[in-house]
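Letter by letter, the chains look like this.
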Amino acid sequence: MIACFPVYRAYVTASDPISDHDRRYVVEAVQCAKRRAPGVTGVVFDFIQRLLLKQTPVTTPDECEERAGFIGKFQQITSPVAAKGIEDTALYMHNRLVSLNEVGSDPTRFGLEPASVHGWMAARRTRWRAALSATSTHDAKRARTCARG
């Protein structure tokens, strides 16, 4: 399931409702895991899905805390798996355009028109006034040695 997670991580918390995005990511990961591991009974994946989506019954505060702890640990491990499985392998070797290899980027999407970038940044500033808008990160893959023969 962790290797099938379609994004870096979900943001499920003990107290907040689960977003439609996070619900979709968990369900997608479970469906992928079932296809990739047909020898494992689907009951296991279904249980983990219910657990991650807070659909398992809890009767005590301790049980609620244990479930929240599991969800938190699961979400912490999906990011490094994604980084090692995709960015540090495929993106490290594929250098169509180095800026496409930034963390969180999509190498299949080749650039934007300047007006689109400016519009996106203006909308982002309205929604997240204190957010950092980096044009490059320390995680650029092969930023210094992008030339390939």
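Look a little higher up for the structure.
Residues numbered from 1 in each chain as written. Predicted model: local features only at pLDDT ≥ 70, side-chain atom pairs only at ≥ 80, totals over all residues. Heavy atoms only, no water.

**Student:** Report on the nonpolar core, specifying residues and quantitative values.
**Tutor:** Counting residues in each nonpolar core, the largest one holds 17 residues, and the members touching the most others are Met1, Phe5 and Leu52. At the level of elements, α1 (20-36), α2 (42-52) and α3 (61-87) are the ones that each hand at least two residues to this core. Considering each element in turn, this core owes the most residues, 6 residues, to α1. Excluding its chain neighbours within four sequence positions, the residues that come into contact with methionine 1 are Ala29, Val30, Ala33, Phe45, Ile48, Leu52 and Phe74. (Core = buried A, V, L, I, M, F, W, Y, C linked by side-chain atoms within 4.5 Å. Buried < 20%, exposed > 50% of the residue type's maximum accessible area, 1.4 Å probe, protein only. Helix = DSSP H or I, 4+ residues; strand = E, 2+ residues; numbered from the N terminus. Contact = heavy atoms within 4.5 Å.)

**Student:** Provide a residue-level description of the state of the cysteines, including the pertinent values.
**Tutor:** All told, the structure shown has 1 disulfide when counted by the stated rule. Disulfide pairing is shown between cysteine 4 and cysteine 32; the S-S distance is 2.4 Å. Residues cysteine 4 and cysteine 32 share a disulfide whose torsion about the S-S bond is about -60°; that sign makes it left-handed. Residue cysteine 4 is located in the segment before α1, and its partner cysteine 32 is located in helix α1; the two are separated by 28 residues in the primary sequence. For cysteine 32, a relative accessible area of 11% puts it in the buried group. (Disulfide = S-S within 2.5 Å.)

**Student:** I'd love a proper account of a negative patch on the surface, names of residues and values included.
**Tutor:** A cluster of acidic side chains, namely Asp62, Glu63, Glu65 and Glu66, defines a negative patch on the protein surface. By the secondary structure assignment, glutamate 66 is in helix α3. (Patch = residues over 30% accessible without salt bridge, like charges linked within 9 Å, V, L, I, M, F, W, Y side chains within 5 Å. Areas by Shrake-Rupley, 256 points an atom, 1.4 Å probe, with all protein chains shown as cover. Salt bridge = Lys/Arg side-chain N within 4 Å of Asp/Glu carboxyl O. Lys, Arg positive; Asp, Glu negative; His and termini not counted. Charge placed at Lys NZ, Arg CZ, Asp CG, Glu CD.)

**Student:** Outline the packing of aromatic side chains, listing residues and values.
**Tutor:** Given two aromatic rings, one states the distance between the centres and the angle between the planes to describe the pair. Going through the model one piece at a time under the given rule, you end up with 2 aromatic pairs. Centroid distance phenylalanine 70 to phenylalanine 74: 6.4 Å. Interplanar angle 35°. Geometry classified as tilted. Linking phenylalanine 70 with phenylalanine 74, this pair stays in helix α3, spanning 4 residues, or about one helical turn. (Phe/Tyr/Trp six-rings, centres within 6.5 Å; stacked < 30°, edge-to-face > 60°.)

**Student:** Before we move on, can you summarise the packing of α1 against α2 with the specific residues and values?
**Tutor:** Taken N-terminus to C-terminus, the directions of α1 and α2 make an angle of 170°; their axes are 10 Å apart at the nearest point. In terms of their interaxial angle, α1 and α2 are classed as roughly antiparallel. Along its contact with α1, which presents Val26, Val27, Val30, Ala33 and Lys34, the element α2 presents Gly42, Phe45, Asp46, Gln49 and Leu52. Considering only residue class, the contact of α1 with α2 consists of 6 nonpolar, 2 polar and 2 charged. (Axes fitted to C-alpha atoms, helices over the stretch in contact; angles between N-to-C directions. Parallel < 35°, antiparallel > 145°, perpendicular 65-115°, else oblique. Nonpolar A, V, L, I, M, F, W, Y, C, P; charged D, E, K, R; others polar.)

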